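# Overview (structure and organization)
The chain contents come next:
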Amino acid sequence: MTIILKTERLTKKFGGLTAVDHVNMTLSKGELRCIIGPNGCGKSTLFNLITGTYKPTSGRIAFKSKDITGKPVHIIGRMGIGRKFQVPGIFNQLTVYDNIRVPFFRDQRRSLFLKPRKDSDIHQKITALLQKINLDDKACLPAIHLAHGEKQWLEIGMVLARRPQLMLLDEPTAGMTAAETRKTAQLIRNISREEKMTILVIEHDIGFVREIASRITVLYKGAVFKEGSYETIQSDEAVRKIYLGKSR
Amino acid sequence: MKSDISTIKSTDISMQRSVFWQPRPAWIAMGLAAILVLFPMTQNDYWIVQLTQLMVYGIFAMSLSLVWGYGGILCFGHAVYFGMGAYIYTLIVKGMIPGFSGILATSIAGLLTAVLCVSLFAVVVGYFLFYGRLKGPYLGIVTLAIAVIAERIAVDWYYIGGYNGLFSIPPFSVAGYEFITPIALFYFVLASSAIAYLLLTHIVQSPFGAILRAIRDNEARAESFGYNSAQHKIITFAIGAAVAALSGALFAIVTEFVSPTLIGFGLSTEVLIWVALGGKEVILASFLGALLVRTLETYLSELMAYYWILFLGVFFVAAVILFPKGIFGRWLSD
């Protein structure tokens, strides 16, 4: 298996607090991986390091064997890492359709000051994406009017539109109902299978993790605590103690 | 709100296309243009002159609408571009810049140079503002400081007229024809307004405009798609400055004089009020906002002497509460 993402002794300190502590992690192409861990264990910081929002204190990040440590956000975005934020990162004033349309403009060969041709296949792609995320009947609605769960799906759709090689999902089911959570798990499994996309998910909801994950990384106090399949992790006494046991 | 959600069903392709096509503002713009084109037939010279000035302010307001309403850049020093445009144009056509003579001192050259210089200036300012990651109130304070500095320079610089400004600007002339009569100036400014409106509308409806609104709504998200937000903001800033410079130069052409008040903090805040009242997220609404507030000012100051500003303040507060999207913005957006 080709390795798509590799972190080496990745560390981030905020003053005296070490949020991410010498994390070594490798992700193979096409893998679906969950990161779990108690609050404040550095999951979101790890994402922020990978996407370039924060610069690491020390350590390296390699994406497709290229060093991306400390590169600016938009450059890393262009290289093929897509991210879904914890708080839905959508464009509130734009319609659902335009939300999906914005990421497509990067592929437009014509000047961005010219209107796109109406007969372009982008419209088909957008419609297909909207169907995939179950929002095709709300295309004309300003995104701000969507329900919370729908906003999360919209953002997944927006990230998908960029066709990233690696998709980072930060708590995609936060604030969702049980039914929405199941639907989201199904959506992510489908994307992983159909698009052959590498997906890294941060999640709290253990039910969700059980449904989707092939492999789990447990973070604790900024460091990798344990790695393995759902069964291994679930039956691990130490993990249960720091995380699973408490949340049940 | 609920009924909105349930009534909009649009798997149908033609309906989704309508997302990009907003007919109403276009029709209203055409209607307004028709009224303005026919207006001189009333032969009401007072209002022809008034409207000419109002349209100059309208162009200025439209430029801020792009920068603030679409770009999300709250600029407290937009009049710097207006004033610079007016001053540069004046200095050139009066032959006061060494080296600018002959063809370089003509009206057209003055207009083009003013627009070009000011947008270059905006690129430089924008570079520091946006790569410096200034946002919100911080950006407002810095732009405000720039406006105050610009006004001080204009007041204290004797060569460009100092406190008194510059007078007797020669009339705008193209190939021997001079725009002197109110009607000629009226149509000249009307044509400029139309060009500015069409240019700005085209920009905001283009993919660039959509990206700009996306950056305004959620900068981190737009950047993660690979868009360089600082670069987009600088381009927007430069276009806004160019249009503001055009309106400044038109002001100099129409009123035949320039003074430091054009470049300072006072006009900068006034234009913010016009645009906020009209509707900052709609180009045409901002234009109408400038027309409305300036007209109200004229009427009210005649009607109630010093108290007009109090009334205007109350009107402003009420309008912001009742119409958060602007008085015209509500009707002109789809």
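Here the structure is a predicted model, which is why all the values come from computation and not from measurement.

## Some words on the environment of B:Gly126
All names here are of chain B. By the secondary structure assignment, Gly126 is in helix H6 (residues 107-131). For Gly126, a relative accessible area of 0% gives the class buried. Between the alpha carbons of Gly126 and Ile234 there is a distance of 5.1 Å; along the sequence they are 108 residues apart. Once residues lying within four places of it in the same chain are set aside, the contact partners of Gly126 are Tyr131, Ile234 and Phe237.

## As for the pattern of salt bridges
Residues and elements named next belong to chain A. One pass over the full model with this rule turns up 25 salt bridges over all chains. Between Arg33 and Glu227 there is a salt bridge, with the nearest N and O atoms lying 3.5 Å from each other. Remark: Glu227 occurs in strand S10 (residues 223-228) and Arg33 occurs in strand S3 (residues 32-36); sequence separation between them is 194 residues. Judged by relative accessible area, which is 2%, Arg33 ranks as buried. On the basis of relative accessibility, which here comes to 29%, the residue Glu227 falls in the partly exposed class. Notably, a salt bridge pairs Glu150 with Lys138, separated by 2.5 Å at the nearest N-O pair.

## Observations regarding unusual backbone geometry
For A:Arg9, which is not a glycine, the phi torsion comes out positive at approximately 45°. With respect to the secondary-structure elements, A:Arg9 resides in strand S1 (residues 3-14). The phi dihedral of B:Glu256 is positive, around 60°, even though this residue is not glycine. Looking at the element boundaries, B:Glu256 is found in the loop between helix H11 (229-255) and helix H12 (265-278). What makes B:Glu256 partly exposed here is its relative accessible area of 36%.

## Focus on the sheet that holds strand S4 (residues 58-63) of chain A
All names here are of chain A. Judged by pairing direction, the sheet is antiparallel, and its four strands sit side by side in the order S2-S1-S4-S5 without closing on themselves. With partners counted over all chains shown, the strands left at the sheet margins are strand S2 (17-28) and strand S5 (66-67), one partner each. One ladder, built from five bridges, connects S1 with S4; its direction is antiparallel. Residue pairing across strands places Thr11 opposite Ser58, the latter belonging to S4.

## A few points about the confidence of the model for chain B
Put simply, chain B has an average pLDDT of 88, and 93% of its residues get 70 or more. Confidence drops under a pLDDT of 50 for residues 1-22 of chain B, and excluding neighbours within four residues, the segment shows 38 contacts in the predicted structure.

## A short note on the nonpolar core
Counting 101 residues, the largest nonpolar core has B:Tyr89, B:Phe237 and B:Trp274 as its most contacted members. Those residues in contact with B:Trp274, other than ones at most four positions away along the chain, are B:Tyr57, B:Phe60, B:Ala61, B:Leu267, B:Ser286, B:Gly289, B:Ala290, B:Val293, B:Arg294 and B:Glu297. Core analysis: the second largest hydrophobic core is formed by 55 residues, A:Leu154, A:Leu187, B:Ile215 and B:Tyr227 among them.

## With respect to the domain arrangement of chain A
All names here are of chain A. Domain parsing of chain A yields domain 1 (1-80 + 166-248) and domain 2 (89-163). Taken residue by residue, the interface counts 16 residues in domain 1 and twelve residues in domain 2. The closest approach of N and O atoms between Glu194 and Lys132, which form a salt bridge, is 3.7 Å. Our count for the domain 1 to domain 2 interface comes out at five residue pairs in polar contact (both at pLDDT 80 or more). Those elements that place two or more of their residues in the side of domain 1 that touches domain 2 are strand S7 (166-170) and helix H6 (178-195). Per-element tally for the side of domain 1 that touches domain 2: the top contributor is H6, with seven residues. For the side of domain 1 that touches domain 2, a count of residues per class yields eight nonpolar, two polar and six charged.

## So, the packing of helix H5 (residues 79-93) of chain B against H6(B)
Residue and element names in this part refer to chain B. Viewed as axis vectors pointing N to C, H5 and H6 meet at an angle of 145°, and their least axial separation amounts to 8 Å. Pair H5 / H6 crosses with right-handed handedness. Contact residues: H5 offers Val80, Tyr81, Met84, Gly85, Ile88, Tyr89, Ile92 and Val93, while H6 offers Ser107, Gly110, Leu111, Thr113, Ala114, Cys117, Val118, Phe121, Ala122 and Val125. Each residue belonging to the contact of H5 with H6 can be placed in one class, and the counts come to 14 nonpolar, four polar and no charged.

## Observations concerning helix H9 (residues 207-217) of chain B
Of all eleven residues that make up H9(B), eight are buried, and the element is covered over most of its length. The set of residues buried in H9(B) consists of B:Pro207, B:Phe208, B:Gly209, B:Ala210, B:Ile211, B:Leu212, B:Ala214 and B:Ile215. The inward-facing, buried residues of H9(B) contact helix H3 (96-104) of chain A together with helix H4 (45-70), helix H8 (182-205), helix H10 (219-224) and H11 of chain B.

## Let's talk about the interface of chain A and chain B
Every contact between the two is made by 46 residues of chain A and, on the other side, 39 residues of chain B. Interface area for chain A against chain B, summed over the two sides, is near 3,700 Å², with a carbon-plus-sulfur share of 65%. On the surface where chain A and chain B come into contact, there are one salt bridge. Here A:Glu155 makes a salt bridge to B:Arg221, at a shortest N to O gap of 2.2 Å. Mapped onto the side of chain A that touches chain B, the elements with two or more residues apiece are helix H2 (73-79), strand S6 (81-84), H3, helix H4 (122-132) and helix H5 (148-161) of chain A.

Parameters at a glance
Residues numbered from 1 in each chain as written. Chains lettered and ligands numbered in written order. Predicted model: local features only at pLDDT ≥ 70, side-chain atom pairs only at ≥ 80, totals over all residues. Heavy atoms only, no water. Helix = DSSP H or I, 4+ residues; strand = E, 2+ residues; numbered from the N terminus. Buried < 20%, exposed > 50% of the residue type's maximum accessible area, 1.4 Å probe, protein only. Contact = heavy atoms within 4.5 Å. Salt bridge = Lys/Arg side-chain N within 4 Å of Asp/Glu carboxyl O. Pairing = 2+ DSSP bridges. pLDDT = per-residue confidence, 0-100. Core = buried A, V, L, I, M, F, W, Y, C linked by side-chain atoms within 4.5 Å. Domains from an automatic or database assignment. Polar contact = N/O pair within 3.5 Å; in protein donor to acceptor, adjacent residues only side chain to side chain. Nonpolar A, V, L, I, M, F, W, Y, C, P; charged D, E, K, R; others polar. Axes fitted to C-alpha atoms, helices over the stretch in contact; angles between N-to-C directions. Left-handed = near helix turned anticlockwise from the far one by under 90°. Buried area = accessible area lost by both parts, 1.4 Å probe.

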